[in-house]
Amino acid sequence: MGTYGYISIIAMLCYGFLLLMFLTAKKNKIINSFLVVLLGLLFWTGGSAFMRAQFVPGCEFWYQISLLGILLLPYAYYRFILAFGGMKNGISGKIYLAIMLICFLINEQFGLFLESPNMIEKNGVPTFVYDIKPTVIVLFIPAGLFLLHLLAVLVRICKENPNMKVQYEPVMFGVLALFLGNAFLGIPFFSGFPIDILSGLVNVIFLFYALIRRHLFRLQMLASSSLCYGVGFLFSILVFFNTVPSLQETFSAWIDKRTTLYTLVFATVFLIIYALFTCLWKFLIRSIFVKEENLQAEKLREFNSSISKTLDLQEVLDKTIGIMKELMDVGNIYICMQNAPGEPYRGVASDQPLSDLAFALEEENPMIQWLKEHDEPLVYREFRYSVEYKSMWESEKHYLDKNHTRYCAGLKDGDNLVGVLLITAASGKKRLMYDEVELISNITSVASIAIKNARLYENACLEARTDELTGLLNRKYFYEVLNEEFENNRESSLALAIINVDDFKLYNQLYGVREGDLCLQRAAKIIQSSVGDNGYAARYGGKEFAILLPRYDLFSARNLVESIAKQIFVMNNRRTDMKLKSVTVSAGISAAPYAAKNVKELMENVDLAVYHVKHSGKNGIQVFDTMFRNSSKNADPTDRAHIYQEYESTIYALTAAIDAKDHYTFNHSMNVAYYATTLAATLGMNADMIEIIRQAALLHDVGKIGIPEYVLNKAGKLTDEEYETIKGHVEASIDIIRHLPSLDYVIPAVIGHHERYDGKGYPRRIAGEDIPLTARILCVADAFDAMTSKRCYKEAYPVQVAKEKLLADAGKQFDPDLAFKFVECLENGTIKLVKEKI
């Protein structure tokens, strides 16, 4: 074999090595098509090598094998490129395969296109020289056209997916090298030199690099048993055949060639060489790769174990950064987290304590969207060629480029991207390590689970500590904070404020529970934003908020609470969809150590201050100090046993005022009280509820005191404006009653007596059983008396007509059960028409 023959041997060994290695890989379309390429190359180079070595059955046979490999290579590349781009095989490949097989068979029989090379000796070395004829163009034209078609396929794939352009670069360079190598065979300068074999070797190196960039090569493939034995066999053959002449010379002097012992000795020598090379390969792989891999696996196990034992999110992030710095040669590492869907991903952790984390990646960032859709890490150098990169803002590109970003990886909770990990290159390094992507995937998979657990724990703690409606601290946790801060601030001041929303029950009755919840949420937001990081805000009760202010004195605390009270007072003015009453608050403030020696005393003092504001007309702020405490102690406590008796006279005073303004309204209230209480008694209500209904009936129209007499006594139809004025008597009644604290229990009945069962009433437009039962009773009684009484704008309806109207509107205006019950009572005489009774 000549010197150039070793090029074919080296190429054949390289192809055989890759073939054995990728046979152990996990199979997919790309790997399978690459194996076909390697087989074609092995046919080509193996045939060439054995031809130059003049192996049996002869040069002509191995030449034909080599030519078959060359002719089939374009088809093999066609399959590889389509599989690499995720496309299906087309009909053009099959047509080319058929043409090439026909050409090969013709050439094999007649040597019409390319005859086998002639062997000549140069300086005593056998060299093979091809006699190129014009007819060879018959082989090159289909191959050239097919390669042009292959180029068109590449261009189409890159246009459809610009990100594939950078992936295909090594493949295109490899194909170009292979084409040029075969084209140079016709140049006299390369006569006798296997430039085609050398170009094939360069080509396969490019293809191997392309597979590395697609992360289809793993170090574990080098350590497979089949590869070790295969490599040992290939090298053993190479060494054995090169040492055969020397061995024959040595053994011939001692052993007869014709004996079995001679053959056995050569077989033994081959097995020894094979065992040595196999053991040497295993030793090298285990020393260089497997040892490193085992060390890496051990570090990952330690990381997995340690990270699974903590529920502290910051510790999880720090450990994740630490393992990456330990196992990878990278620059800086940043982790960005998203607090809630729709919010940006903000920097929360870094490997450098002084790193600037004041940056954020918006959720709409194309890179974030890519990470959401893919499970593997993003290689930034490849991402720069994508459409997503081009659609990013220049400022985003500049930040990532300036920091030499190398990888971006997602931290996922199921399908949700909760965090982003940014890894920069060390000292501007851009080299891509083929195993780093897999390592990042392994680390982020473990870290994602740990982050999920840590966030679940944090959320559970947060839910246990915060109020669900307002997001402020709940009462239980607030007491813990209060006790802790009291101990921490014994040498300084600690201010405490309680803010109580005035007439919140009325607010709920006027606008409904949902609007009441929104009111609390708006107030809580004002309180939280005002307090900020200077203290703690909590929902202390249903309509009470607590504010704890470490290192605040009474003066500063009062200024803050005054600001909060002003903001709450005007917060409903921003509503454009409906007009809401202003919200006032009663607040009490105290501070330690000035006015309290312990937590219990501090709480009692604040409660006493709030109580004082409530009984002084509400809507105020009281600061508890020593003077206020002393005056409170000397005050006589209110005897609340006679409050209801006190307000009995108030009820009659109000009804008398109604009588003075409009005698009909006074009589109407008395009639409604009779009808309603009688109906309530027949329903089996207790005496307390009946008394509440009686008082509510007497006061249900007290708001008409403020209605002009010309509207109340108008004989004709009311205008829309006048009707709205009449409807306002309900809220006017509530505004009067709310100043009588002992009568607030009648408010639900009063405010709801004009609501309809079908939800078309006023003022709240509530329906069905959402309307209090007391209000539904008043509604039936009020309507019956209105129908059977004579007014300036109508005559009194007969009782029969009134009964029919009650039944007709049952389920519409009236509760059907109450309407039928009321009619039944009329018919059996339990309820009598008032004028008949009189």
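Residues numbered from 1 in each chain as written. Predicted model: local features only at pLDDT ≥ 70, side-chain atom pairs only at ≥ 80, totals over all residues. Heavy atoms only, no water.

### Topic: the overall build of the protein chain
Going by this rule: In this description a helix means any DSSP run of H or I spanning at least four residues, a strand means any run of E spanning at least two, and both kinds are numbered starting from the N terminus. Between buried and exposed lies partly exposed: a residue is buried under 20% and exposed over 50% of the maximum accessible area for its type, with that area taken using a 1.4 Å probe on protein chains only. Only heavy atoms enter the contact rule, under which two residues are in contact if any of them lie within 4.5 Å. Per-residue and other accessible areas follow the Shrake-Rupley method at a 1.4 Å probe size, with only the shown protein chains counted as cover for residues.
Helix and strand counts for the protein chain come out as 32 helices and 13 strands. Here the protein chain holds 838 residues, and 48% of them are scored as buried. Within the protein chain, counting contacts between residues at least 6 apart in sequence, those at least 24 apart form 67% of the total. Counting only carbon and sulfur atoms, one obtains 58% of the accessible surface of the protein chain, whose full area is about 42400 Å².

### Description of the nonpolar core
Inside soluble globular proteins, nonpolar side chains tend to come together where they are buried. Keep this limit in mind: Put simply, a nonpolar core is a bunch of buried Ala, Val, Leu, Ile, Met, Phe, Trp, Tyr and Cys residues held in one set by side-chain atoms that sit within 4.5 Å of each other.
Grouped together as the largest cluster of nonpolar side chains are 86 residues, with contacts concentrated most on I499, F545, Y675 and F822. Top element by residues in this core is helix α29 (residues 773–788). It accounts for eight residues. Excluding residues that lie within four positions of it along the chain, I499 makes contacts with I527, K543, E544, F545, I547, V561, I564, V585, S586 and A587. With 58 residues, the next largest nonpolar core counts I30, W44, F80 and L211 among its residues.

### Notes on the sheet that holds strand β13 (residues 620–623)
Let me state the cut-off plainly: Strand pairing is assigned whenever DSSP identifies at least 2 bridges connecting the two strands. Simply put, an axis is a line fit to the C-alpha atoms, just over the touching stretch for a helix, and the angle between two N-to-C directions goes from 0 to 180 degrees.
Taken in spatial order, the five strands of this open sheet run β10-β11-β9-β12-β13, and their pairing is mixed. Of all the strands in the sheet, the pair left with one neighbour each is β10 (536–539) and β13. For this sheet, the mean angle separating the axes of adjacent strands, direction not counted, is 15 degrees. The sheet strands contacting helix α20 (residues 599–614) are β9 (494–501), β11 (544–550), β12 (585–592) and β13, and the helix crosses β12 at an angle near 150 degrees.

### Let's talk about the side chain of K803
If you trace the backbone, K803 turns up in helix α30 (residues 799–808). Judged by its relative accessible area of 12%, K803 falls in the buried class. Those residues within four positions of K803 in sequence are excluded, and the remaining contacts are V823, L826 and E827.

### Some words on the pattern of salt bridges
For the record, the criterion: One side-chain nitrogen of Lys or Arg within 4 Å of one carboxyl oxygen of Asp or Glu is enough to make a salt bridge.
Inspection of the entire model under this criterion finds 21 salt bridges. Two residues, K319 and E315, come together in a salt bridge whose shortest N-O distance is 4.0 Å. Remark: E315 and K319 occur in helix α10 (residues 313–327); sequence separation between them is four residues, near one turn of the helix. Residue E315 is classed as partly exposed on the basis of its relative accessible area, which comes to 35%.

### What to know about the packing of α10 against helix α15 (residues 436–465)
The condition is simple: Our angle categories are set so that under 35 degrees counts as roughly parallel, over 145 as roughly antiparallel, 65 to 115 as roughly perpendicular, and the remainder as oblique. Charged means Asp, Glu, Lys or Arg here, nonpolar means Ala, Val, Leu, Ile, Met, Phe, Trp, Tyr, Cys or Pro, and polar covers whatever is left, Gly included.
Interhelical geometry of α10 versus α15 gives an angle of 170 degrees and a closest axis separation of 9 Å. As the angle between them shows, α10 and α15 are arranged roughly antiparallel. Here α10 contributes L313, V316, L317, T320, I323, M324 and L327 to the contact with α15, which in turn contributes L439, I440, I443, T444, A447, A450, I451, A454, R455 and E458. Within the contact of α10 with α15, the residues separate by chemical class into 13 nonpolar, two polar and two charged.

### Notes on the packing of aromatic side chains
Basically, it comes down to this: Geometry of aromatic contacts follows a simple scheme: Phe, Tyr and Trp rings, the Trp one being its six-membered ring, pair when their centres are within 6.5 Å, and the pair is stacked under 30 degrees between planes, edge-to-face over 60, tilted otherwise.
On inspection of all chains with the given rule, the structure shows 15 aromatic pairs. When the centroid spacing of 5.9 Å and the interplanar angle of 50 degrees are considered together, the rings of F34 and F80 count as tilted. Note that F34 is positioned in helix α2 (residues 29–52) and F80 in helix α3 (residues 59–84), a separation of 46 residues in sequence. Here F34 falls in the buried class, since its relative accessible area comes to 0%.

### So, the sheet that holds strand β5 (residues 360–361)
Strand order in the open sheet made by the six strands is β5-β4-β3-β8-β7-β6, with antiparallel pairing throughout. Looking at strand neighbours, the two that pair on one side only are β5 and β6 (378–379), the edges of this open sheet. Both strand β4 (residues 345–350) and β5 contribute to a ladder of two bridges, which runs antiparallel. Within β5, the residue paired with Y345 across the bridge is L361. Each of β4, β5, β6, β7 (405–413) and β8 (416–424) touches helix α11 (residues 366–373); the most contacted strand, β7, lies at about 55 degrees to it.

### Section: the pairing of β10
Alignment of β10 against β11, held across four bridges, turns out to be antiparallel. Opposite Y536, over in β11, you have L548 as the bridge partner. Where β10 hands over to β11, the hairpin turn is made up of four residues, counted between the paired strands.

### Describing α30
What counts, and what does not: Picture the helix axis, draw a direction to every C-beta atom, and the arc is the one those directions span.
Within α30 the residues assigned to the buried category are A802, K803 and L806. Buried residues of α30 fall within an arc of 100 degrees about the axis and therefore sit on the same side. Its buried side turned inward, α30 meets α29 and α31 (816–828).

### Comments concerning the pairing of β13
Of the two faces of β13, both are covered, the one formed by G620 and Q622 as well as the one formed by I621 and V623. Pairing of β12 with β13 involves four bridges; the strand directions are parallel. Across the sheet, residue S586 finds its bridge partner in β13, namely G620.

### Quick word on the packing of α29 against α31
Applicable threshold: Working rule for handedness: look at the near helix, and if it is turned counterclockwise from the far one by less than a right angle, call the crossing left-handed; if clockwise, right-handed.
It is at 10 Å that the axes of α29 and α31 come closest, and there the two elements cross at 50 degrees. Compared by their axis directions, α29 and α31 come out oblique. As α29 packs across α31, the resulting crossing turns out to be right-handed. Contact with α29, carried on its side by L773, R776, I777, V780 and F784, involves L818, F822 and L826 of α31 and no other residues of that element. Class assignment for the residues of the contact of α29 with α31 results in seven nonpolar, no polar and one charged.

### Regarding the environment of K452
Mapping K452 onto the fold places it in helix α15. Separated by 40 residues in sequence, K452 and K412 place their C-alpha atoms 8.1 Å apart.

### Notes on the confidence of the model for the protein chain
For clarity, the threshold we go by: A residue's pLDDT is the confidence the predictor assigns to it, expressed on a 0 to 100 scale.
Summary statistics for the protein chain give a mean pLDDT of 80 and a share of 85% for residues scoring 70 or more. Scored below 50 in pLDDT, residues 428–432 shows 11 contacts in the model against residues more than four places distant or in partner chains. Considering only residues more than four positions removed or in separate chains, one finds that residues 626–644, a stretch of pLDDT under 50, has 14 contacts.

### Let's talk about unusual backbone geometry
In this structure, P593 follows A592 across a cis peptide bond, with omega equal to 5 degrees. One can find P593 in the loop between β12 and α20. Here the amide bond leading from Y762 into P763 is cis, since omega sits at 10 degrees, within 30 degrees of zero. Residue position: P763 is located in the loop between α28 (747–751) and α29. Located in the positive-phi region is R551, a residue other than glycine, with phi close to 65 degrees.

### Remarks on α10
Filter applied, for reference: Take the number of residues in a helix, subtract one, and multiply by 1.5 Å to get its expected span. N or O atoms within 3.5 Å of each other form a polar contact, as long as, within protein, one can give a hydrogen and the other can take it, and as long as residues adjacent in sequence are counted only when both atoms are side-chain atoms.
Between its first and last C-alpha, α10 extends 22 Å over 15 residues, near the 21 Å set by a 1.5 Å rise per residue. Every buried residue of α10 is listed here: L313, V316, L317, T320, I321, I323 and M324. Buried residues in α10, looked at end-on, bunch into an arc of 160 degrees, giving them a common side. N-capping of α10 is provided by D312, with a side-chain oxygen placed 3.3 Å from the backbone N of Q314.

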